[in-house]
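# A structural walkthrough
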Amino acid sequence: MSLTSTNPVKELGAPDQASRLYIVDDETELLATLAESLRALGFSPQTFDRPEDLLQATSENEVGCVITDLRMPGIGGVELLKRLNQRGTCLSVILLTAFADVPTAVDAMKLGAVSVVEKPFELQALADEIHAAMRSSEQAYTDRRELRSARQLLDHLTDEEKAVLDLAIEGRPNREIAQQLEISPRTVDRRRHSALRKLKADSVAEYAVLKTRARRG
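Quick caveat, the model's predicted, so the values are computed rather than measured. (Residues numbered from 1 in each chain as written. Predicted model: local features only at pLDDT ≥ 70, side-chain atom pairs only at ≥ 80, totals over all residues. Heavy atoms only, no water.)

A separate point is the overall build of the protein. Each helix and strand counted, the protein has nine helices and five strands in total. Of the regular secondary structure in the protein, the N- to C-terminal order runs β-α-β-α-β-α-β-α-β-α-α-α-α-α. Taken across its 217 residues, the protein has 41% of its residues classed as buried. In the protein, once contacts between residues fewer than 6 apart in sequence are set aside, the share between residues at least 24 apart is 68%. (Helix = DSSP H or I, 4+ residues; strand = E, 2+ residues; numbered from the N terminus. Buried < 20%, exposed > 50% of the residue type's maximum accessible area, 1.4 Å probe, protein only. Contact = heavy atoms within 4.5 Å.)

Next comes the structure, spelled out in structure tokens:
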């Protein structure tokens, strides 16, 4: 059940909205206490006592941080992290646990957790982890937006235009490109200009950057 709801949702189309903070713990008293302590530090957390409710309430394009207890009935913290990963979320995850061990911490970090925090913890130390997690989430959002933008621009190109630009970024002159593709230098030039216009780019180097961005995913 959701206990509080105060933050706006940040979607890919609304980069100016604030990051969200979620806390998940099946022990409602501890959940309420942690939420109140973080509010005193300026955060506006939304709390859940069931991981399933968090999954229903969030979308893959939100930006922010999820603080979750490691051991909970049903879906535990690691399983929640896995499910968020399967969704392709931009949210960063911090795991809280009173039973930390090296293998668990290593597994969690491999799955993408930004931190595994042992109980008891200092509140300011947790706040620092939250700020770092939100920065990480915002970077993931930026990377995803750039990835989508790059792929959308590249999808506008024809195979013939891509062939010209792929050879051009290798530093080959128009005459050599024309010979390899068995077309005229004038056609090479026309396809190059057409492709750069579609990409809203001023140079072939910008095409190389877009290709690099499009490969990240």
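Of all the five residues making up strand β1 (residues 20–24), five are buried; the element is thus mostly covered by neighbouring parts of the structure. Pairing geometry for β1 and strand β2 (residues 46–48), over three bridges, is parallel. Within β2, the residue paired with Ile 23 across the bridge is Thr 47. Following the backbone out of β1, through helix α1 (residues 28–40) and into the adjacent parallel β2, one traces a crossover that is right-handed. (Pairing = 2+ DSSP bridges. Right-handed = clockwise from strand over helix to strand, strands pointing away.)

The next point concerns the pattern of salt bridges. Applying the stated rule across the entire model yields eleven salt bridges. Connected through shared salt-bridge partners, Asp 25, Asp 69 and Lys 119 make up one network. (Salt bridge = Lys/Arg side-chain N within 4 Å of Asp/Glu carboxyl O.)

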